[in-house]
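# Structural features, examined
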Amino acid sequence: MLPFRFIHAADLHLDSPFAGMSGLTDRVRKHLQQSTFIALDRMVQLAVREKVDFVVISGDVYDSSNTSLRAQLRFMEALEMLDREHIPVFIIHGNHDPLDSPRLAVTLPPLVHVFGPVPESVTVVRRRDGQEVSVITGMSYLTSKVKENISLRYNKKAGASELFHIGLLHANVDGNQEHETYAPCSKKDLNTAGYHYWALGHIHSRRTLQESPYIVYPGNIQGRNIRETGPKGCYLVDVDETGAVAMDFRELDTVRWFDMEVSIGDCRHPEDLRLNVERLLTDISESYTTGFSMVRIRITGRGSIHRELEDGFILEDLLIDLRRKVDNQAGTVGFAGCVWVESFCLSSGAEIQLETLLQEDSFIGELLRLAETELAGDIGSDSVIGHALRPLMDQPEIRLLLTGSTREEQREWLRRAMELTALLLLDDQEAGGASA
Ligand SMILES: [Mn+2]
């Protein structure tokens, strides 16, 4: 085998709108909306700088099948730049940008290959001497909903067997629950094809499912929401003369998401919480100096200030103040090292002895035990809570909220309801006790 080098990227989601985020200033929103394009530019620069032999993109180039014109033009620009540098690009389309989406009829640069709706194999040569090094097999989604196991349609080692075989596939391998199960397949299915490297797309978190042969999700190139935390980028892959693979993750993102906790356990006053939050923001800023951080802060622990936080005003004021400072700072010195609080999530509790109350033979004890049972199980329509929610399900807006929520969100609501109820009942007991 001849050594060569390529970039494996996926899920560019160009022109992702960063919709559904409240409280963004114009400046911040614009910066977020530029981030997927900046990540693309960085990938192009990386390809040129590292002199890769080719680039593979494993689906979801665009964020939506209703492709934005801006996304198409910017992608075209990137492809032209790579073409000018004589770097071929191999692309498949996924569930977000299937082949049937309306797009500009443009002539692609000669070195760009977009795979069609049935698997095909292309032999690739090394740039410096034109020697054949690899066979890439891939197919695009024709429509957005591909429910079939398309991996089974990939040929077993089409082309020369002494070359390095890459499979380009947009799929959910081994039923990842966080993503929709398009093109479901198993590692076993992929292993039987006899390829050396499965360049996957679809799952946005970076993971190498297997090393022999390689089955790799590089993750998306730019995180777009709080579920896409941590560094995002692509893999620079080196294949040596023995066929051994060395993967080097390269960051491409300029906006990074963090999901963090701050405890109220040691806070005597809301001011202490503010200091804890500011300390966290400083830590994040120092750990990611080159880009813009977006952080969700979960307020956790038990403490006396929880009651003051419950009505929301303290956190709301703090949020407004922190954001105002960041917007000013970004306006004067730029976004690098700035930290924006995406939201506060109140998961703290009052100073109640939950464990003791759970043991109690009382109404509160009974209620808390019920909540714990429901928290441990599924909040299905058969559960006590499901039953209690039934009348609310007639309200279209509430039904949408409930059915569209994740299991994690439901648990969080239930946990907060449990805390709040316990607190109200305890207050009531105290008031009752005083008057008796
Ligand atoms: Mn995707």
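Conventions and cut-offs
- Residues numbered from 1 in each chain as written.
- Predicted model: local features only at pLDDT ≥ 70, side-chain atom pairs only at ≥ 80, totals over all residues.
- Heavy atoms only, no water.
- Donors = N, O, S within 2.8 Å, 3.2 Å for Na, K, Ca; no water.
- Helix = DSSP H or I, 4+ residues; strand = E, 2+ residues; numbered from the N terminus.
- Buried < 20%, exposed > 50% of the residue type's maximum accessible area, 1.4 Å probe, protein only.
- Domains from an automatic or database assignment.
- Contact = heavy atoms within 4.5 Å.
- Buried area = accessible area lost by both parts, 1.4 Å probe.
- Salt bridge = Lys/Arg side-chain N within 4 Å of Asp/Glu carboxyl O.
- Patch = residues over 30% accessible without salt bridge, like charges linked within 9 Å, V, L, I, M, F, W, Y side chains within 5 Å.
- Areas by Shrake-Rupley, 256 points an atom, 1.4 Å probe, with all protein chains shown as cover.
- Expected span 1.5 Å × (residues − 1).
- Bend = angle between axes of the 7 residues up to and from the residue.
- Polar contact = N/O pair within 3.5 Å; in protein donor to acceptor, adjacent residues only side chain to side chain.

Next up on the list: the coordination of the manganese ion. The manganese ion binds to the protein through Asp11 (OD), His13 (NE2), Asp60 (OD) and His204 (NE2); the donor distances cover 2.1 to 2.3 Å. The sequence motif formed by the donor residues of the manganese ion is D-x1-H-x46-D-x143-H. In this pair, His13 is assigned in the loop between strand 1 (4-9) and helix 1 (26-49) and Asp60 in the loop between strand 2 (54-58) and helix 2 (69-84), connecting sequence segments 47 residues apart. Judged by relative accessible area, which is 0%, Asp60 ranks as buried.

This brings us to the domain arrangement of the protein. Along its sequence, the protein is carved into domain 1 (4-251) and domain 2 (255-435). Between domain 1 and domain 2, the contact holds 21 residues from the first and 15 residues from the second. Each partner contributes to the roughly 1600 Å² buried at the junction of domain 1 and domain 2, and carbon and sulfur atoms together form 64% of this total. Per-residue buried area on domain 1 facing domain 2 is highest for Arg27, His31 and Ile226; these three make up 37% of the total on that side. Taken together, the links from domain 1 to domain 2 amount to two salt bridges.

Side chains of Leu69, Leu73, Leu104, Val106 and Leu108 sit close together on the surface and give an oily, nonpolar patch of about 420 Å² of accessible area. Take Val106: it is sitting in the loop between strand 3 (89-92) and strand 4 (112-114). On the basis of relative accessibility, which here comes to 45%, the residue Val106 falls in the partly exposed class.

The next subject is helix 1. Each α-helix turn comprises 3.6 residues. Residues three or four places apart therefore point the same way. Taking 1.5 Å of rise per residue, 24 residues should cover 34 Å, and helix 1 covers 34 Å from first to last C-alpha, within 8% of that figure. Of all bends in helix 1, the biggest is about 40°, found at Ser35. Regarding helix 1, the residues found buried are Val28, His31, Leu32, Ser35, Thr36, Phe37, Ala39, Leu40, Met43, Val44, Leu46 and Ala47. Lys51 occupies a position one or two residues after helix 1 and carries a positive phi of about 50°.

One can find Asp63 in the loop between strand 2 and helix 2. Within polar-contact distance, the side chain of Asp63 engages the side chain of Arg224 at 3.0 Å. The residues touching Asp63, leaving out its near neighbours within four places in the chain, are His13, Leu14, Asp15, Ser16, Pro17, His96 and Arg224.

According to the stated counting rule, one finds 27 salt bridges in the structure shown. Ionic pairing is found between Arg256 and Glu251, a salt bridge with its closest N-O pair at 3.0 Å. Relative accessible area serves as the criterion here: at 45%, Glu251 is assigned to the partly exposed category. One salt bridge connects Arg415 with Glu412, and the closest N-O pair in it is separated by 3.4 Å. One end of the pair, Arg415, and the other, Glu412, are both in helix 11 (residues 407-435), three residues apart, so they sit about a helical turn from each other. With a relative accessible area of 19%, Glu412 lands in the buried category.

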